[in-house]
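Here is how the chains run, residue by residue.
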Amino acid sequence: MKKEILIVEDDKDLAEVAVDYLTDQGLGCVCAGSAEEAEECLYEYPIRLIVLDINLPGMNGFRFCERLRRETEVPVIFISARTSDTDKVNALMLGGDDYLAKPYSLVELYSRILALMRRTYGYSRNQKLEFGDIAIDQMSRSVTKRGMAVEMTAKMYDLLVYLYRHPGEVLSKEKLFTEIWGYGSESSISVLPVHIRWLRERVEENPAQPVHILTVHGKGYRFER
């Protein structure tokens, strides 16, 4: 698998989680802990997109992007816990193509990468996912049931897609919460069962007796297509 996605993040644990998840989704990734390491990766690998943290040791993400734009137009998604409008404007004015605030869900990061790859390179993957009478359109981030639109929040959509991509796996509440709401989220894990109930009400024929989104008592949830 070609290493086409470069994650520049000095939090090693967070970077490794992102790389593992994106690799599972079929994207070849490599990570760097600093701008200097990132430059080495650009020479070593055929990088087609960079996920770039602003707060890096040494040269920060802003300076690195500014330097990068003197040589290449490779698309950049900034990630940062800094969410002020000024930081977002700086990121885009310096050549960034997108901005994702921390904490973020890995599902959202994956979706942003696909969207930017599609805009830049015409990159396409199987955009529609189906189970039962449900169809998920990844391009429009929409869901239909028997051809009729199903109303969903962004978190509900992300949760459904994540469950779909892990059929048969027993997923703990803690893992699902972390994957969808992100590390350091101010939300409580108690929001997860509520979202599960909302999803069942929308995709199950009988929400009281679900056949797709199943509870594994004492362990978490399991999705069956």
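Residues numbered from 1 in each chain as written. Predicted model: local features only at pLDDT ≥ 70, side-chain atom pairs only at ≥ 80, totals over all residues. Heavy atoms only, no water.

## A short note on the overall build of the protein chain
If you tally the helices and strands in the protein chain, you get eight helices and twelve strands. The C-alpha radius of gyration computed for the protein chain amounts to 19 Å, which stays within 12% of the reference 17 Å derived for 225 residues, consistent with globular compactness. Considering only C-alpha atoms, the protein chain reaches an extent of 55 × 35 × 35 Å along its principal axes. A buried classification covers 47% of the 225 residues belonging to the protein chain. Sequence-distant contacts in the protein chain: of pairs separated by 6 or more residues, those separated by 24 or more amount to 58%. (Helix = DSSP H or I, 4+ residues; strand = E, 2+ residues; numbered from the N terminus. Rg over C-alpha atoms; globule rule 2.2 N^0.38 Å. Buried < 20%, exposed > 50% of the residue type's maximum accessible area, 1.4 Å probe, protein only. Contact = heavy atoms within 4.5 Å.)

## Quick look at the pairing of strand β1 (residues 5-8)
For a regular strand, the rule is simple: side chains alternate between the two faces of the sheet. Residues Ile 5 and Ile 7 point to one face of β1 and Leu 6 and Val 8 to the other, with burial holding for every one of them. Pairing analysis gives four bridges linking β1 to strand β2 (residues 29-32), with the strands arranged parallel. The residue bridging Leu 6 from the neighbouring strand is Val 30, located in β2. In this fold, the crossover linking β1 to β2 by way of helix α1 (residues 12-24) has right-handed handedness. Relative to strand β3 (residues 49-53), β1 runs parallel, the two sharing four bridges. (Pairing = 2+ DSSP bridges. Right-handed = clockwise from strand over helix to strand, strands pointing away.)

## Observations regarding the UniProt feature "domain: Response regulatory" (unreviewed entry) in the protein chain
Per the UniProt record, the feature "domain: Response regulatory" (unreviewed entry) sits at residues 4-117. For residues 4-117, helix accounts for 46% and strand for 19%, while the C-alpha atoms at its two ends are 11 Å apart. (UniProt positions renumbered as here; feature names shortened; annotations may be inferred.)

## Digging into the sheet that holds strand β6 (residues 128-131)
In a beta sheet, neighbouring strands are held together by backbone hydrogen bonds and run either parallel or antiparallel to one another. In spatial order, the strands read β6-β7-β8-β9; together these four strands make up an open sheet with antiparallel pairing. In the strand order of this sheet, the two ends are held by β6 and β9 (148-150), each with one partner. The mean angle between the axes of side-by-side strands here comes to 30°, regardless of whether they run parallel or antiparallel. Where β6 lies against strand β7 (residues 134-137), four bridges are found, and the strand directions are antiparallel. Bridge pairing in β7 links Leu 129 to Ile 136. (Axes fitted to C-alpha atoms, helices over the stretch in contact; angles between N-to-C directions.)

## Here we look at the UniProt feature "modified residue: 4-aspartylphosphate" (unreviewed entry) in the protein chain
Residues given the UniProt feature "modified residue: 4-aspartylphosphate" (unreviewed entry) here are Asp 53. By secondary structure assignment, the location of Asp 53 is in strand β3. Residue Asp 53 is classed as buried on the basis of its relative accessible area of 3%.

## A short note on the packing of aromatic side chains
Per the counting criterion, the structure on display carries seven aromatic pairs. With a centroid separation of 5.1 Å and 85° between ring planes, the pair formed by Phe 131 and Phe 223 is classed as edge-to-face. Pair noted here: Phe 131 is in strand β6 and Phe 223 is in strand β12 (residues 220-223), with a separation of 92 residues, a long-range link. Neither residue differs from the other here; Phe 131 and Phe 223 are each classed as buried. Within the aromatic cluster, the residues linked to one another by ring pairs are Tyr 21, Tyr 110 and Tyr 162. (Phe/Tyr/Trp six-rings, centres within 6.5 Å; stacked < 30°, edge-to-face > 60°.)

## Some points on the packing of helix α6 (residues 154-164) against helix α8 (residues 191-203)
Two elements in contact, α6 and α8, have axes separated by 10 Å at closest approach and are oriented at 80°. One way to sum up the angle between α6 and α8 is to call them roughly perpendicular. Across the interface between the two elements, Lys 155, Met 156, Leu 159, Leu 160 and Leu 163 of α6 pack against Leu 192, His 195, Ile 196, Trp 198, Leu 199, Arg 202 and Val 203 of α8. Of the residues assigned to the contact of α6 with α8, the class counts are nine nonpolar, one polar and two charged. (Parallel < 35°, antiparallel > 145°, perpendicular 65-115°, else oblique. Nonpolar A, V, L, I, M, F, W, Y, C, P; charged D, E, K, R; others polar.)

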